[in-house]
Amino acid sequence: MALAARDSVFLSGGPTWKVELGRYDSLTSRASDVDLPLMTEDMPVLMKRFSVQGLSITELVALSGGHTLGCATSCSFINPRLYPTVDPTLDTGFASELMSTCPSSEDPNSFVFFDDTVINFDNNYYYMLQQKKGVLFSDETLYIDMS
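Structure report, in brief. (Residues numbered from 1 in each chain as written. Predicted model: local features only at pLDDT ≥ 70, side-chain atom pairs only at ≥ 80, totals over all residues. Heavy atoms only, no water.)

Applying the stated criterion across every chain yields a total of one disulfide. Disulfide pairing is shown between Cys-75 and Cys-102; the S-S distance is 2.0 Å. Handedness of the Cys-75-Cys-102 disulfide follows from its S-S torsion of about -65 degrees: it is left-handed. Placement of the pair is Cys-75 in the loop between strand S1 (71-73) and helix H4 (92-101) and Cys-102 in the loop between H4 and strand S2 (111-113), with a sequence separation of 27 residues. Both residues of the pair, Cys-75 and Cys-102, belong to the buried class. (Disulfide = S-S within 2.5 Å. Helix = DSSP H or I, 4+ residues; strand = E, 2+ residues; numbered from the N terminus. Buried < 20%, exposed > 50% of the residue type's maximum accessible area, 1.4 Å probe, protein only.)

Turning to the layout of surface pockets, a few remarks are in order. Each pocket or cavity is described by its volume, and for the second largest pocket that value is around 200 Å³. If you go around the second largest pocket, you meet 14 residues; those closest to its centre are Phe-94, Glu-97, Asp-116, Met-128 and Lys-133. Looking at the lining of the second largest pocket, the elements with two or more residues in it are H4, S2 and helix H5 (124-130). With four residues, the single largest contributor to the lining of the second largest pocket is H4. Residues belonging to the lining of the second largest pocket are distributed by class as follows: seven nonpolar, three polar and four charged. (1 Å grid on protein atoms, 1.4 Å probe; cavity = no way out; pocket = protein on both sides within 12 Å on 5 of 7 lines; lining within 4 Å. Points joined across faces, edges and corners; volume = space filled by probe spheres on them. Nonpolar A, V, L, I, M, F, W, Y, C, P; charged D, E, K, R; others polar.)

What follows is about the nonpolar core. By size, the foremost hydrophobic cluster in this structure holds 13 residues, and its most contacted members are Ile-78, Leu-82, Leu-98 and Val-135. At three residues, H4 tops the list of elements feeding residues into this core. In this structure Leu-98 touches Ile-78, Leu-82, Leu-90 and Val-112, once residues within four positions along its chain are discounted. Residues Met-43, Phe-50, Tyr-125 and Leu-142 belong to the second largest nonpolar core, which totals seven residues. (Core = buried A, V, L, I, M, F, W, Y, C linked by side-chain atoms within 4.5 Å. Contact = heavy atoms within 4.5 Å.)

In short, the description is geometric, and any link to function would need to be established separately.
Take a look at the structure:
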């Protein structure tokens, strides 16, 4: 996974780095052991999850930037922000765009890109968050002022 991440970032215009091979966190690799953040989690919950793993807020934001490459497969991840009412943290024009791709009756083959430059390793993902155009709430919450 780490090699694929490094190579895809490099091939899309980003930096490269040395990857140490092997696992340090476990002697096994089972899907049931994976505990990824949920798309509905807010910043305090994300911060706690990452803290438990020994990661800082800076690392949380940096790792979330991995969404600059790829897409959110299935509208089922996006529709909770659109239906029955639009999430108020979402730009209304962007919400309309998402609704045209992801109608309330979900098509399991529909998907939405996290940003407009899906094949480039750049900061457009973060720019879209500033514009209230985060596809997932767990992304948009990185930019919401919780105070």
